[in-house]
Amino acid sequence: MNNILVVASFEKGRGTGHLVRSSRLVTELRARGFNALLCIVGNRSEEDTATVLGEFDAQNRIPLFAIRETAWDLIVTDRCQTLSEEALIYHGLAPVLGIDEGGKDREQFDFLLDILHCDSGGVTPNERRPDLGLPVFPSFPPPLPLEKSASNTERLRVLVSFGGEDSDGLGQRTCLALMGRSDMRLTVVTPANPIPHLETRLTDFDLVITHYGLTAYEALAAGVPVLLDHPSDVHRTLAKKAGFRPLDGIRELVRLPEGEAARWVAETVKPQTEKLAAKLKPAGDTPLTLPDYIASLSPQVFRQCPVCGGPRGRIVARFPRRTYRVCPECGVVYMDRLDEPPIEYAEQYFFDFYKAQYGKTYIEDFTNLKKAATGRIAHILPLLQEGATARAGAKDVAAHLSRFELLQPLRKILDVGCAYGPFLQAAQESGFFMTIGLDPAESAVQYLKGQLSIFALKGFFPDDCRIGPGNVSFWEENYFDVITMWYVVEHITDVQNALKTVAALLKKGGVFAFSTPSRSGISGRKDLQTFLEKSPADHRTIWDPRRVKQLLGRAGFDLKEIVVTGHHPERFPRWMRFLGESTLLKISRAFGLGDTFEVYAVKR
């Protein structure tokens, strides 16, 4: 990822915080080597813009009309409420990450990062939670040592800051209420009297009075007590959910007797502020900054369904760094990611990762896996015979069958994602003449060659399985009798291309068999959100067995059989547990409620 567009709001009534945060983000990203540019959208004058941006390099700005001229890798919006027509432009150019997005099109954003309302699940109760809710703490100087803070007898140093606009006059109202007190020294930030780089000056004060927003979190990060006033009900709601001291705190401050302000802040406000800061601060010695987070991303977004090519579907779930959509045409649930999944298909995947899931390593589970493979081959062999008969078009079926038996030793099978080879060994023992495995794990390939004497190649499907010379494989069209993918198809990014490659490599009447998780199993039906949250981070697609016939038909296959597997009575709702596991197991099998399924199809 290199080209990043940051779109900031600078409109009357929305303050200056969005522009300040966005300009800082662009500056930091450019310092990290990214080609980041700032696009300002709003109705404020260029003079006001220059005042807020200060020393920001004007060459790092780009007008809205010119953004189509660059191929962006990511668009970050800090617009508060992005207009619908504006959002359409961004979505047509690149993956879009909305920061604190509160517009009516919020749910259409590829990814959502909520910083200022990270505990609220959105601005309103009906909004879906974001991909990530995170109070991002920028880098600040350390808080002043305690002995430099105002003592009980000194004047309390108070900063009053309600942004670079303060259209509601909250700063003036607060100053009028506190004016004349001899135990406070007020410093007021106004549009005409800004403090450059305010975030670096917060530790000069004993108390910050502001509204819910960036300055409030910056004060928390600096260890300075905070009291809030609110320009709107939205600010009030978000502040309450975040845990900030309510508006009454300012009223209490006003009513305090002379000389009591410093003691009251030290004994009442400061402990609460420290407690909230400890709660919100991310784990680790170094707090995560917004530029750090953006710089770590490498977004992968599907502009159409990766299985059927249908239009982008509605979003059904969001989790940290991943968003799930459902295709309106084929029913497949597919995942957009903000980065590569944290899983590497190497030896560790089949040992540590596999053992964590199933209680034993892949090799320790080899016997059980081979037993399951034998059952799958029992489904494949009759279809091979049927396909060979149809391919020959023989009138004398009995004569043709005898010929088929004669040619059985020449059958060729490719197992994609073969792992350590239990299926290929079972296929070899079932009479397949040529058994070939393809797997990205070098240790698995070497195991097949060295321990099982089965030919295997290292690579991914379909990228390393093109037809023709110059690649890992150079098989001709109509080469294989069988191609299998056991719990592999959900890992493939370009499923459309994978299906086309399978169809090209298979002979007419050849068998395509695969297994994959089911979105219509008991887990997906009971609670789709939980099911998707627990779905492995590298599962790109989740299929619906009820729509498989339609999907495979488009790719040139005739569906012959679906076998629903992965039946788990213990996953049924609690209110059904009184029926007992044996009865629930029968119900699961009768209604196809298993969480996985196997597909057996024949190429036309």
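Because the structure is a prediction, the values reported are computed rather than measured.

Q: Outline the overall build of the protein chain, listing residues and values.
A: Tallying secondary structure elements over the protein chain gives 19 helices and 21 strands in all. Taken across its 604 residues, the protein chain has 52% of its residues classed as buried. For the protein chain, restricting intrachain contacts to residue pairs at least 6 apart in sequence, the fraction spanning at least 24 positions comes to 65%. When the accessible area of the protein chain is evaluated, it comes to approximately 27500 Å², of which 52% is carbon and sulfur surface.

Q: Describe in detail the sheet that holds strand β20 (residues 557-565), supporting the description with residues and values.
A: The sheet built from seven strands is open, its strands ordered β16-β15-β14-β17-β18-β21-β20 with mixed pairing. If you trace the sheet from one side to the other, it starts and ends with β16 (455-458) and β20, each paired once. In this sheet, neighbouring strand axes are inclined to one another by 15° on average, regardless of whether the strands run parallel or antiparallel. Relative to β16, strand β15 (residues 434-439) runs parallel, the two sharing four bridges. The partner of Ile436 across the bridge, within β16, is Phe455. Across the sheet, helix α14 (residues 442-451) lies against β15 and β16, angled at about 165° from β16, the strand it touches most.

Q: Give me the lowdown on the packing of helix α1 (residues 17-31) against helix α2 (residues 46-53), citing residues and values where you can.
A: Where α1 contacts α2, the axes come no closer than 10 Å and their chain directions differ by 55°. Between α1 and α2, the angle falls in the class oblique. Between α1 and α2 lies a crossing whose hand is right-handed. The residues of α2 that touch α1, namely those facing Leu19, Val20 and Ser23, are Thr49, Val52 and Leu53. Its residues assigned to classes, the contact of α1 with α2 comprises four nonpolar, two polar and no charged.

Q: If you had to explain the sheet that holds strand β11 (residues 314-319) to someone new, which residues and values would you point to?
A: The antiparallel open sheet is built from four strands, whose spatial order is β11-β12-β13-β19. At either end of the open sheet lies a strand with only one pairing partner, and these are β11 and β19 (541-542). With two bridges joining them, strand β13 (residues 333-337) and β19 adopt antiparallel strand pairing. Counted as the bridge partner of Tyr334 is Thr541 from β19.

Q: Let's hear about the environment of Asn368: which residues, and what values?
A: Position of Asn368 among the secondary structure elements: in helix α11 (residues 366-392). Residue Asn368 is classed as partly exposed on the basis of its relative accessible area, which comes to 44%. The sequence separation of Asn368 and Pro422 amounts to 54 residues, and the corresponding C-alpha distance is 8.9 Å.

Q: Which residues make up the nonpolar core, and what values go with them?
A: In this structure, Leu38, Val76, Leu97, Tyr212, Phe244 and Ile294 are the most contacted members of the largest nonpolar core, which totals 51 residues. Broken down by element, the residue count for this core peaks at six residues, all from helix α5 (residues 214-222). With 39 residues, the next largest nonpolar core counts Cys305, Tyr334, Met485 and Leu499 among its residues.

Q: Could you give me a rundown of the packing of aromatic side chains, with the residues and numbers involved?
A: Tallying each qualifying case throughout the model produces 16 aromatic pairs. Judged by centre distance (5.7 Å) and plane angle (85°), the ring pair of Phe302 and Tyr334 falls under edge-to-face. With Phe302 in the loop between α9 (290-295) and β11 and Tyr334 in strand β13, this pair connects stretches of sequence that are 32 residues apart. For the pair formed by Phe302 and Tyr334, the shared burial category is buried. Between Phe512 and Phe514, the aromatic rings sit 5.1 Å apart at their centres with planes inclined by 35°, giving tilted as the arrangement. Among the residues examined, Phe512 registers a relative accessible area of 1% and is labelled buried. With a relative accessible area of 1%, Phe514 lands in the buried category.

Reading the values: the criteria
- Residues numbered from 1 in each chain as written.
- Predicted model: local features only at pLDDT ≥ 70, side-chain atom pairs only at ≥ 80, totals over all residues.
- Heavy atoms only, no water.
- Helix = DSSP H or I, 4+ residues; strand = E, 2+ residues; numbered from the N terminus.
- Buried < 20%, exposed > 50% of the residue type's maximum accessible area, 1.4 Å probe, protein only.
- Contact = heavy atoms within 4.5 Å.
- Areas by Shrake-Rupley, 256 points an atom, 1.4 Å probe, with all protein chains shown as cover.
- Pairing = 2+ DSSP bridges.
- Axes fitted to C-alpha atoms, helices over the stretch in contact; angles between N-to-C directions.
- Parallel < 35°, antiparallel > 145°, perpendicular 65-115°, else oblique.
- Left-handed = near helix turned anticlockwise from the far one by under 90°.
- Nonpolar A, V, L, I, M, F, W, Y, C, P; charged D, E, K, R; others polar.
- Core = buried A, V, L, I, M, F, W, Y, C linked by side-chain atoms within 4.5 Å.
- Phe/Tyr/Trp six-rings, centres within 6.5 Å; stacked < 30°, edge-to-face > 60°.

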